[in-house]
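Here is how the chains run, residue by residue.
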Amino acid sequence: MEKPKKFMNRELSWLDFNYRVLSEARDKHIRLFERLKFLSITASNLDEFFMIRVASLKDQVHAGYTKKDIAGMTPGEQIDEILKVTHSFVNTQYSTLNRSFLPALRKEGLKVITEYEKLTEEQADYVDTYFKQEVFPVLTPMAVDSSRPFPLIRNKSLNIGALLMDKKKKGTIDFATVQVPAVLPRIVMIPSDKDNCTTIILLEQIIEKNIQKLFMNYKVLCATPFRVMRNADLTIDEDEAADLLIEIEKQLKKRQWGEAIRLEVEDTIDKRLLKILRKELSISEESIFKINGPLDLTFLMKVYGMEGFDSLKDEPYIPQQPKYLDYTRNLFEQIRERDILLHHPYESFDPVVNFVRLASKDPAVLAIKQTLYRVSSNSPIIASLAEAAENGKQVSVLVELKARFDEENNIVWARKLEKAGCHVIYGLLGLKIHSKITLVVRREEDGIRRYVHLGTGNYNDSTARLYTDMGMFTCRQPYGEDATAVFNMLSGYSEPLAWNKLSLAPQWLRDKFLSLIGRERDNAAKGRPAKIIAKMNSLCDPGIIEALYEASDAGVEIHLIVRGICCLRAGVPGLSENIHVRSIVGTFLEHARIFYFENNKEPEIYMGSADWMPRNLDKRVEILFPVEDPELMKEVRHILDIQLSDTKKAHILMPDGRYEKMDQRGKAPLNSQMYFCGHAKKHE
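Residues numbered from 1 in each chain as written. Predicted model: local features only at pLDDT ≥ 70, side-chain atom pairs only at ≥ 80, totals over all residues. Heavy atoms only, no water.

S.K.: What exactly am I supposed to notice about the sheet that holds strand β1 (residues 110-112) here?
M.R.: The strands making up a sheet associate through backbone hydrogen bonding, with each pair oriented either parallel or antiparallel. Judged by pairing direction, the sheet is mixed, and its three strands sit side by side in the order β1-β6-β5 without closing on themselves. Strand pairing shows two members of the sheet lacking a second neighbour, β1 and β5 (187-190), which therefore form its edges. Pairwise comparison of adjacent strand axes, ignoring direction, gives a mean angle of 30° for this sheet. Sheet analysis places β1 next to strand β6 (residues 198-202), joined by three bridges and oriented parallel. Each residue of the ladder has a partner; that of lysine 111, found in β6, is threonine 199. (Pairing = 2+ DSSP bridges. Helix = DSSP H or I, 4+ residues; strand = E, 2+ residues; numbered from the N terminus. Axes fitted to C-alpha atoms, helices over the stretch in contact; angles between N-to-C directions.)

Here is the structure:
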């Protein structure tokens, strides 16, 4: 087959993933407020996709770059197809909102006002008073005329554009805009016209209908909300940046004013107003989205947070005590006895937080070393690291300043850690540090012992309740030696002569994966048992995909659990007939990376921080670690088997590139995520 037919386009595959999230919003078997969350997530997903991925393609077009991707598409062709698919997607989003959600919410006692004219007299009076007292003092109306240029419209901000006619100079039409202030709640509760009913209206509707009060000397001809998405991809020349932290701070300010990538407007917008916006923002017709409903559906997450609708939500899941841990005993003692496996969010993330906290206070601990990619806004881990330094321990922290959309947060933490006396490293030139590793060095009776935590997810106590991840504690000497080597390499470019257990990108990990896949291929060719099960977020590396095709051709049974992007074509005769791909989209965001290789009935299991993507294998520092304890291996294999048996949340990749929900006929219903919730509770 020609190469383009072997691969699917990365960006279109991502849009397929967002459709799978949207399918959860449209699933009437799910509680109504949980469905609201999924619709909100599709909107925030799409925002980030345009700000980064579409923006990057636009940059390539501007630079005259015409090289085709692995699916045979130029950047320009990709943008055209993305816009076409996205217009259809947005139509489905708003059809779901208008035809399904709003009537269903009304039936359940929550009325969302979509047309200001439908307010009762009491409601209208309340809204006008609210505008006068709460909103008007905060607003900054900006008119555009010969002396006042078109204002800079901030990225992702919600605004109201208006056409004005000067009452004194009839015939002269000016443009004006006012930003909907993010400091005020977007959802405003107003008196209801029915008993047992909650009524809400959106802030922009209140401003839009009172906009005449902002321009008293003008007649407002029309007013409509609009929203701009800009290029938010940071371009940093690290070779020229004398201080990476200062350079990133500078670039963050520019993010608000990047090139306009997408313009959202209400579909009732006046043509003259739209013409002005299009011209001033220099945006193409195809990049304008005319929307039948409120812009920026992320407000639905705030609706989800409203009180009084618990019956329409799932009962919050409380992470359980980990199966392999006893909270009444010292953590270091338990790690000395055996390796400990953690499965988040089904099992609590507290042991990881406590690992660092305990180390910060323990007089026997000499040093703590940790990589941080994304942390929560009020991270207890950061507090413990700072305390450890203040207690005189050697603390080294690698803070990845280039973690997308967490740059600002990480700069704050980096400065706090430095102030406390920690040795802070700001990433490596040209590479992102994406690995998840913590090393605690402790003096014990029999000498120095190193305790290591390795994980598939970030050291973020907030997202650990939402993302499915795996982690492992160990104090085995080979792991400890490798962990020391990792930090020496990151801080001083000192590479060990050999590694005991860990495999690192960008130097060795690609070859490691190709070797493992190749071994299964060779075993299959010799008639030996051969199987690969791999779970990850994304699969788009052409070298890995080619190796999987070769293994499939040799007869290797391959099962892939890929949540998001998948550029591999599954089940195609003569190419990938032994490859099966599924995507699981559910309550929690699937984030763990697990790799199983049959190895002629002597299985090997690995976990790590890397997806099978070029950026992970070639442009990031990633760690892959083996799980060697027989009982833990059995547990990880069980996790994979349950996900491969999921009949409720699994979407199957078809040979033509479409995803279809798992056919449940003749199969016992199984939601793998809910199974793991129950499984964790059994060990409470």
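S.K.: When you look at the nonpolar core in this model, what are you seeing that I'm missing?
M.R.: Nonpolar side chains in soluble globular proteins tend to end up buried together. Core analysis: the biggest nonpolar cluster contains 123 residues, and Leu539, Leu548, Leu560, Leu568 and Trp612 have the highest contact counts within it. Considering each element in turn, this core owes the most residues, 14 residues, to helix α3 (residues 32-62). What leucine 548 contacts, discounting residues up to four positions off in sequence, is Ile517, Ile532, Leu539, Ile558, Leu560, Leu568, Ile579 and Trp612. Grouped together as the second largest cluster of nonpolar side chains are 87 residues, Leu341, Tyr459, Ile533 and Phe676 included. (Core = buried A, V, L, I, M, F, W, Y, C linked by side-chain atoms within 4.5 Å. Buried < 20%, exposed > 50% of the residue type's maximum accessible area, 1.4 Å probe, protein only. Contact = heavy atoms within 4.5 Å.)

S.K.: Sorry if this is basic, but what is going on with the packing of aromatic side chains here?
M.R.: Think of a pair of aromatic rings as described by two things: how far the centres are apart, and how the planes are tilted against each other in angle. Going through the model one piece at a time under the given rule, you end up with 22 aromatic pairs. Residues tyrosine 19 and phenylalanine 89 carry aromatic rings whose centres are separated by 4.9 Å and whose planes lie at 85° to one another, so their mutual orientation is edge-to-face. In this pair, tyrosine 19 sits in helix α2 (residues 10-25) while phenylalanine 89 sits in helix α4 (residues 75-107), placing the two residues 70 residues apart along the sequence. With a relative accessible area of 26%, tyrosine 19 lands in the partly exposed category. Using a relative accessible area of 1% as the deciding quantity, one classes phenylalanine 89 as buried. Between phenylalanine 332 and phenylalanine 355 the ring centres are 6.0 Å apart and the planes differ by 65°, which places this aromatic pair in the edge-to-face class. Placement of the pair is phenylalanine 332 in helix α10 (residues 331-337) and phenylalanine 355 in helix α11 (residues 350-361), with a sequence separation of 23 residues. With relative accessibility at 0%, the residue phenylalanine 332 sits in the buried group. (Phe/Tyr/Trp six-rings, centres within 6.5 Å; stacked < 30°, edge-to-face > 60°.)

S.K.: Please clarify how the pairing of strand β17 (residues 467-474) should be interpreted in this entry.
M.R.: Side-chain direction in a regular strand flips from residue to residue, so the side chains alternate between the two faces of the sheet. Within β17, seven of the eight residues are buried, which leaves the element mostly enclosed by the surrounding structure. For strand β10 (residues 340-344) and β17, the ladder comprises five bridges, and the chain directions are antiparallel. Across the sheet, leucine 342 pairs through a bridge with glycine 471, a residue of β17. With two bridges joining them, β17 and strand β22 (residues 589-590) adopt parallel strand pairing. Bridging from a neighbouring strand, threonine 468 pairs with glutamate 590 of β22.

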